[in-house]
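# An overview of the molecular structure
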Amino acid sequence: MTAVPGLLPYAPGGLLPISAYTNQRLLAANTAETVSIPTGAKYVAISTNIYAVVRADGVNPASLAGDVDDGTGGMPIAPGAPPVVFAIAADMPDLRVLSAGAATIGLSFYGAN
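Below: a short report on this structure. Source: prediction; values computed, not measured. (Residues numbered from 1 in each chain as written. Predicted model: local features only at pLDDT ≥ 70, side-chain atom pairs only at ≥ 80, totals over all residues. Heavy atoms only, no water.)

Helix and strand counts for the protein chain come out as zero helices and nine strands. Moving toward the C terminus, one meets the helices and strands of the protein chain in the order β-β-β-β-β-β-β-β-β. By residue count, 34% of the 113 residues in the protein chain fall in the buried class. Element-wise, carbon and sulfur atoms account for 56% of the exposed surface of the protein chain, whose accessible area totals about 6,200 Å². (Helix = DSSP H or I, 4+ residues; strand = E, 2+ residues; numbered from the N terminus. Buried < 20%, exposed > 50% of the residue type's maximum accessible area, 1.4 Å probe, protein only. Areas by Shrake-Rupley, 256 points an atom, 1.4 Å probe, with all protein chains shown as cover.)

If you want it as structure tokens, here you go:
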């Protein structure tokens, strides 16, 4: 099994400030989108209005239409939950996001120039 670079969960000891660098994507159902990582970003907080998944190894997540048992799935981002915060590894090429239905996803970056 190969480890996915980046996407290391990070628990910030307290509340996150409002980010000065936030991207928002409107996702079409079962259509993966690539999100660029801004220069210098150290962390990303991700939230969505419906269930979505994210990968950080330059590969699109597998379709959400069924079970994924080959390692090509993505980390889940639950709707209505607090944002999920991940550390950004130096070798992380980009983020790939996917949802089963039309979705709005917010990605707030911290430490970006």
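Now that the structure has been shown, we can carry on.
The next point concerns the nonpolar core. Of all hydrophobic cores here, the largest spans 18 residues; its most connected members are Val44, Ile46, Val54, Leu95, Ile105, Leu107 and Phe109. Among the elements of the structure, strand E4 (43-48), strand E5 (52-55), strand E8 (95-99) and strand E9 (103-110) are those that each provide at least two residues to this core. Ranked by residues supplied to this core, first place goes to E9 with four residues. Non-local contacts of Ile46, meaning those with residues more than four positions away in its chain, are made with Val54, Ile77, Pro83, Val84, Phe86, Ile105, Gly106 and Leu107. (Core = buried A, V, L, I, M, F, W, Y, C linked by side-chain atoms within 4.5 Å. Contact = heavy atoms within 4.5 Å.)

On the basis of which strands lie adjacent, the open sheet formed by four strands has the order E3-E8-E5-E6 and antiparallel pairing. Taken across any chain shown, the strands that pair with only one partner, and hence form the sheet edges, are strand E3 (33-35) and strand E6 (75-77). On average, each strand axis in the sheet is inclined to that of its neighbour by 30 degrees, with strand direction left out of account. Sheet analysis places E3 next to E8, joined by three bridges and oriented antiparallel. Directly across from Glu33, in E8, lies its bridge partner Val97. (Pairing = 2+ DSSP bridges. Axes fitted to C-alpha atoms, helices over the stretch in contact; angles between N-to-C directions.)

Our next topic: the packing of aromatic side chains. To describe a pair of aromatic rings, one takes the distance between the centres and the angle between the planes. Under the criterion given, the structure shown has one aromatic pair. Relative to Phe109, the ring of Tyr21 has its centre 6.0 Å away and its plane inclined at 85 degrees; by these criteria the two rings are edge-to-face. With a gap of 88 residues between them, Tyr21 in strand E2 (residues 21-27) and Phe109 in strand E9 connect regions that are remote in the sequence. Under the relative-accessibility criterion, Tyr21 is labelled partly exposed at 33%. (Phe/Tyr/Trp six-rings, centres within 6.5 Å; stacked < 30°, edge-to-face > 60°.)

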